[in-house]
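Here is what each chain is made of, one letter per residue.
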Amino acid sequence: MSPEISNQSLLFLVVFVLVPLTLSYYYQLGLSKGIMWSSIRGTIQLFAIGYLLTYLFDLPAYIGIPFMLTIMITVASFHARKKGKGLPSVLGIIFIGLIVIEGSVLGLWLLFDMIEFTPNEVIPMSGMVIGNSMIAMGLALERLKSEFKENEGRLTAALSLGAEPKQASQIIIQRTLGASLIPNVDKLKTIGLVQLPGMMTGLILGGVSPIMAIKYQLVISLSIFSAVSLSAIYITLMMYKYFYNNKMQLKHMEFDQ
Amino acid sequence: MEHNELFTFDNVKKSPLHSLNFSIKRGDNVMLFGPSGAGKSTLLHLFNRLSDPDKGSIYYLGKDLQSYSITELRKEVGLVMQAPNLFPGTVLDNLKYGPSLHGEWNSEKAEALLEAVQLPADYLDRSVDQLSGGEQQRVSLARTLANNPSVLLLDEPTSALDQHTTEEIEQVLEGLAIEQGVTLIMVTHHLDQAKRLGSRGIFLSDGEIIEEGNLADLLSNPKTEELQAFMT
Ligand SMILES: Nc1ncnc2c1ncn2[C@@H]1O[C@H](COP(=O)(O)OP(=O)(O)OP(=O)(O)O)[C@@H](O)[C@H]1O
Ligand SMILES: [Mg+2]
């Protein structure tokens, strides 16, 4: 194992905060308060999670894992919902989606013996899947709203030609899914070349052999890829209907971003 | 039973339209005109249920509009919107959109449709974003015609066309009305055009019908100051 970072050396991290702080002050960006607050809040959050994880890792798996997954999925649902303001039932739909997606991914991991059902493996790995799914759902929601707004004329034209909402939305659904999936395909293409993924970096620093680290990274990267794709498809297919009323008319919704 | 009344508006309110009472008879070709913001487009969208009245009822062939299948009604009462709103893709993609929804597309129709709107047949494979505004407007008309509507709602269908093309499109519309018995309900800013195509006129201002009736009478003898002002 590599040497531990002592608390004293941790203190010198302040330097990394001072740089943007000075810049903000010098160029009058008005970000000083934000920078201070985020660094303090981030530090406290991470330490809190650290202690919580230490505690959870000592609990029996069948208690610690469901407990932590519930918290993560709940927090993620509330976060993703912000992007779907104005859409009915969106919180519940996100929540259920995250449970099903995380559940399936975890199920496959365990089924194929990729990880063990212990908190120290399941929780960090699931965190990455849930976090990325949350971001994907948020992006898809945002995209869906802007596509509906932008294409109101075309959608009206499609409806007026006798299309049902599902048929009329076809163009938009394609574009929303494309926009959600393309960046992830690109990410997968350059993985390891531009930057070593966070988890791999962590494992290597922690003393795990690079090949071992890569195996874990492959599991997580591909799992995230599929979870993110499913999230975008799921949220798009679940939500597009809410842009119409039951008379196949477009609803006029107010979205404030 | 044949209904003489094609559409009847019974106390219809739909913001910003106040209270509309009128009927349109079979064979009428109705010209809607009035200042910008009068509610002409809003009114047009009520005929094929792109929106519904807040109050009151609309009857089509004697039956409440609400009792028809919405998709069937929209095919039968076709709309050409104020903006072309073409779908991304080729001209052909647009033309076959409506009929394909119900598996009724027949590729032989394509050229006839283009001919009807005075576009050359080799336009079928063109991408719509290579078309001029006037060409887009004509594709939009052809796209609606592809559904063989029996009532045609037109929202300033020639606003982006030059004089020559306008006249040709007017001939196409006249042909549809005379030869195929299609009822035209059309918004136009051009009173000359209204005279050429219409038999009935409805003058709308501020969400209200100010004058309506036989078009020639209406225009030769406007009774209200509003219409007189609009005509000058
Ligand atoms: N989606 C909408 N939401 C709220 N108000 C609308 C909407 N569409 C139109 N309006 C308003 O309703 C009024 C009538 O609009 P409409 O488009 O029917 O006018 P119009 O007679 O077709 O005008 P124009 O000749 O400029 O096309 C306008 O004051 C407009 O601002
Ligand atoms: Mg209008």
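Use the structure listed above.
Per chain, the residues get numbers from 1 upward, laid out in the order the sequence is written. To read the labels, note that chains go from A and ligands from 1, taken in the order they are written. Predicted model: local features are reported for residues with pLDDT of at least 70 only, side-chain atom pairs are reported and counted for 80 or more only, and whole-chain, interface and lining totals are derived from all residues. The basis for the side-chain values is all heavy atoms of the structure; hydrogens and waters are excluded.

(A) Highlighting the overall build of chain B. Within chain B, the regular secondary structure consists of 10 helices and 10 strands. Atoms counted for the radius of gyration: C-alpha only. Globule rule: 2.2 Å times residue count to the power 0.38. A compact globule built from 232 residues should have a C-alpha radius of gyration of about 17 Å, and chain B, at 18 Å, falls within 12% of that. Reported as C-alpha extents along the three principal axes, the dimensions of chain B are approximately 50 × 40 × 30 Å. Any residue under 20% of the maximum accessible area for its type is buried, any over 50% is exposed, and the rest in between are partly exposed; the area is computed with a 1.4 Å probe on protein chains only. Here chain B holds 232 residues, and 52% of them are scored as buried. The contact rule is simple, with two residues in contact once any of their heavy atoms fall within 4.5 Å. Look at the contacts in chain B between residues 6 or more apart in sequence, and 65% of them connect residues 24 or more apart. Computed with the Shrake-Rupley method and a 1.4 Å probe, the accessible areas treat only the protein chains shown as cover for residues. Of the roughly 10200 Å² of accessible surface on chain B, a fraction of 44% belongs to carbon and sulfur atoms. Averaging the positions of the 19 positive and the 34 negative side-chain charges in chain B gives two centres separated by 6 Å. Only DSSP runs of H or I covering at least 4 residues are called helices, and only runs of E covering at least 2 are called strands; the numbering of each starts at the N terminus. We count Lys and Arg on the positive side and Asp and Glu on the negative side, and we leave His and both chain ends out. Here the site of a charge means NZ on Lys, CZ on Arg, CG on Asp, or CD on Glu.

(B) Seen up close, the pattern of salt bridges. All names here are of chain B. Salt bridges are defined as contacts in which a side-chain nitrogen from Lys or Arg sits within 4 Å of a carboxyl oxygen from Asp or Glu. Here the structure, examined in full by the defined rule, presents 13 salt bridges over all chains. Of the charged contacts in the structure, one is a salt bridge between Glu104 and Lys75, with a shortest N-O distance of 3.6 Å. Of this pair, Glu104 sits in the loop between helix 4 (97-100) and helix 5 (109-116) while Lys75 sits in helix 2 (residues 70-76), and the two are 29 residues apart along the sequence. For Glu104, a relative accessible area of 45% translates into the label partly exposed. Judged by its relative accessible area of 9%, Lys75 is buried.

(C) Spotlight on helix 6 (residues 133-145) of chain B. Compared with an ideal rise of 1.5 Å per residue, which puts 13 residues at 18 Å, helix 6 of chain B spans 19 Å between its outermost C-alpha atoms and is within 8% of the ideal. When you tally the buried positions in helix 6 of chain B, you get 11 out of 13 residues, the bulk of the element. Among the residues of helix 6 of chain B, Gly134(B), Glu135(B), Gln137(B), Arg138(B), Val139(B), Ser140(B), Leu141(B), Ala142(B), Arg143(B), Thr144(B) and Leu145(B) are the ones counted as buried. Looking at the buried positions of helix 6 of chain B, the neighbouring elements they touch are helix 7 (152-160) of chain A together with strand 6 (77-80), helix 3 (91-95), helix 5, strand 7 (151-155) and helix 7 (163-180) of chain B. Multiply 1.5 Å by the residue count of a helix minus one, and that product is the helix's expected span.

(D) Representation of unusual backbone geometry in the model. All names here are of chain B. A cis amide bond, omega 5°, links Ser15 with the succeeding residue Pro16. With respect to the helices and strands, the residue Pro16 is situated in the loop between strand 1 (5-14) and strand 2 (17-25). Despite not being glycine, Gln118 shows a phi value in the positive range, around 65°. Its place among the elements puts Gln118 in the loop between helix 5 and helix 6. Classification of Gln118 as partly exposed rests on a relative accessible area of 33%. The residue Asn148 is not glycine, and still its phi comes out positive at about 50°. With respect to the element layout, Asn148 can be found in the loop between helix 6 and strand 7.

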